[in-house]
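Residue-level structural notes
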Amino acid sequence: MRTLRRLTATTALACAAGLGLAGCAASGPFPDLSGSQVADKSVTALRGASSLTVSGKVWDEGKAIQLNMAVSKSGDCKGTISSDEGSFELIRNAEFVFVKADEPFYRSQLKDLPKDQADAAVKQLAGHWLKSKGDDEDSKELSALCDLDELLKEFDESMGAKKDGVTTVNGQEALTLTTKTADGTETLLVATHGEPYLLKASNTGQEPGDITFSGFDKPVKADAPTGPDVIDADQLR
């Protein structure tokens, strides 16, 4: 009996130290999958959702961007985007894209225009919904924010992800996965119960980011704005 107790204690210590004894692999969430396989599974689960909300902070060309977007697989979306250059609300449905931006946003976009022209445009557009067709060239970049597959592309590479304990995200139990990158660490938190959704992703380094995924399969209310507050982009050309 003493030998058995000593063997059990030794095995437990080895597991805690990450020594990889055969008995350790079967413990914890997703015991039959490697960290990279769990990461892949979590992104596949996200792609399978009919809709979700992505929120947090990302970087684009050295600029920090705050976003909160509800996106559906059909392409409908609704949310807000903000940065040091201003902010805007975005709604997209099957036919149109609607954008309501503030004055700082338009000032940043029109900075190359003569001041009198920029002033006139800002006065006309800031705080109003600008309506354009979803397939217009000017709308394509904004429409990309409503493309669920495009939003998830950066998570397709998960080589080297390692399991690193269990935590919680908004009350949901989640497995922590970490991957060392060239200038920091990427951390993924994956739901351990129900669908193995990726619940949160963050990274450290020169361009740190932190985003969460929630609202799985909830309808996206992308109702088109109406009334005098809406300006048709076609009438401005």
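See the structure shown above.
About the criteria used
- Residues numbered from 1 in each chain as written.
- Predicted model: local features only at pLDDT ≥ 70, side-chain atom pairs only at ≥ 80, totals over all residues.
- Heavy atoms only, no water.
- Phe/Tyr/Trp six-rings, centres within 6.5 Å; stacked < 30°, edge-to-face > 60°.
- Helix = DSSP H or I, 4+ residues; strand = E, 2+ residues; numbered from the N terminus.
- Lys NZ or Arg CZ within 6 Å of the ring centre and 35° of its normal.
- Expected span 1.5 Å × (residues − 1).
- Buried < 20%, exposed > 50% of the residue type's maximum accessible area, 1.4 Å probe, protein only.
- Patch = residues over 30% accessible without salt bridge, like charges linked within 9 Å, V, L, I, M, F, W, Y side chains within 5 Å.
- Areas by Shrake-Rupley, 256 points an atom, 1.4 Å probe, with all protein chains shown as cover.
- Salt bridge = Lys/Arg side-chain N within 4 Å of Asp/Glu carboxyl O.
- Lys, Arg positive; Asp, Glu negative; His and termini not counted.
- Charge placed at Lys NZ, Arg CZ, Asp CG, Glu CD.
- Disulfide = S-S within 2.5 Å.
- Polar contact = N/O pair within 3.5 Å; in protein donor to acceptor, adjacent residues only side chain to side chain.
- Core = buried A, V, L, I, M, F, W, Y, C linked by side-chain atoms within 4.5 Å.
- 1 Å grid on protein atoms, 1.4 Å probe; cavity = no way out; pocket = protein on both sides within 12 Å on 5 of 7 lines; lining within 4 Å.
- Points joined across faces, edges and corners; volume = space filled by probe spheres on them.
- Nonpolar A, V, L, I, M, F, W, Y, C, P; charged D, E, K, R; others polar.
- Pairing = 2+ DSSP bridges.
- Axes fitted to C-alpha atoms, helices over the stretch in contact; angles between N-to-C directions.

**Here we look at the packing of aromatic side chains**
Within this structure, the stated rule accounts for four aromatic pairs. Taking the centre distance of 5.7 Å and the plane angle of 75° together, the rings of Phe 105 and Tyr 106 count as edge-to-face. Ring geometry for Tyr 197 versus Phe 216: centroids 3.8 Å apart, planes at 15°, classification stacked. Of this pair, Tyr 197 sits in the loop between strand S9 (185-191) and strand S10 (198-203) while Phe 216 sits in the loop between strand S11 (209-214) and strand S12 (230-232), and the two are 19 residues apart along the sequence. Through a chain of ring-to-ring contacts, the aromatic side chains of Phe 88, Phe 105 and Tyr 106 assemble into a single cluster. The ring of Phe 96 carries Lys 131 above its face, with NZ or CZ at 4.3 Å from the centroid.

**Observations concerning helix H2 (residues 35-48)**
Spanning 14 residues, H2 covers 20 Å between terminal C-alpha atoms, matching the ideal 20 Å at 1.5 Å per step. Within the sequence span of H2, burial applies to Gly 35, Ser 36, Val 38, Ala 39, Ser 42, Val 43, Ala 45 and Leu 46.

**Overview of a negative patch on the surface**
Judged by side-chain charge, Asp 60, Glu 61, Glu 141, Asp 183 and Glu 207 come together as a negatively charged surface patch. Topologically, Asp 60 is positioned in strand S1 (residues 51-60).

**Section: the state of the cysteines**
In the structure shown here, the tally under the stated rule is one disulfide. The disulfide bridge from Cys 77 ends at Cys 146, spanning 1.8 Å between sulfur atoms. Of the two residues, Cys 77 sits in strand S3 (residues 77-83) while Cys 146 sits in the loop between helix H5 (140-143) and helix H6 (148-152), which places them 69 residues apart along the sequence.

**Observations regarding the side chain of Ser 36**
Structurally, Ser 36 can be placed in helix H2. Of the polar contacts made by the side chain of Ser 36, one reaches the backbone nitrogen of Ala 161; its length is 3.2 Å.

**Notes on the nonpolar core**
One finds Leu 46, Met 69, Leu 90, Phe 155, Leu 177, Leu 198 and Phe 213 to be the most contacted residues of the largest nonpolar core, which totals 48 residues. In terms of residues, this core owes the most to one element, H2, which gives five residues. If you look at the next biggest cluster of nonpolar residues, it comprises six residues, including Ile 91, Phe 98, Trp 129 and Val 220.

**Concerning the layout of surface pockets**
Here the largest pocket is characterised by a volume of approximately 1,500 Å³. Here the residues of the lining of the largest pocket are counted per class, giving 23 nonpolar, seven polar and 11 charged.

**Concerning the sheet that holds strand S8 (residues 172-180)**
The sheet built from 12 strands is open, its strands ordered S7-S8-S9-S10-S11-S1-S2-S3-S4-S5-S6-S12 with mixed pairing. Every other strand in the sheet has two partners, leaving strand S7 (162-169) and S12 as the edge strands with one partner each. The average undirected angle you get between the axes of adjacent strands in this sheet is 20°. Looking at chain direction, S8 and S9 are connected through seven bridges and run antiparallel. From the neighbouring strand, Thr 178 faces S9, where its bridge partner is Thr 187.

**Describing the pairing of S11**
Judged by which residues are buried, S11 turns out to be one-sided: Gly 209, Ile 211 and Phe 213 face inward and are buried, whereas Asp 210, Thr 212 and Ser 214, on the alternate face, are not. Alignment of S10 against S11, held across four bridges, turns out to be antiparallel. Across the sheet, Asn 203 pairs through a bridge with Gly 209, a residue of S11.

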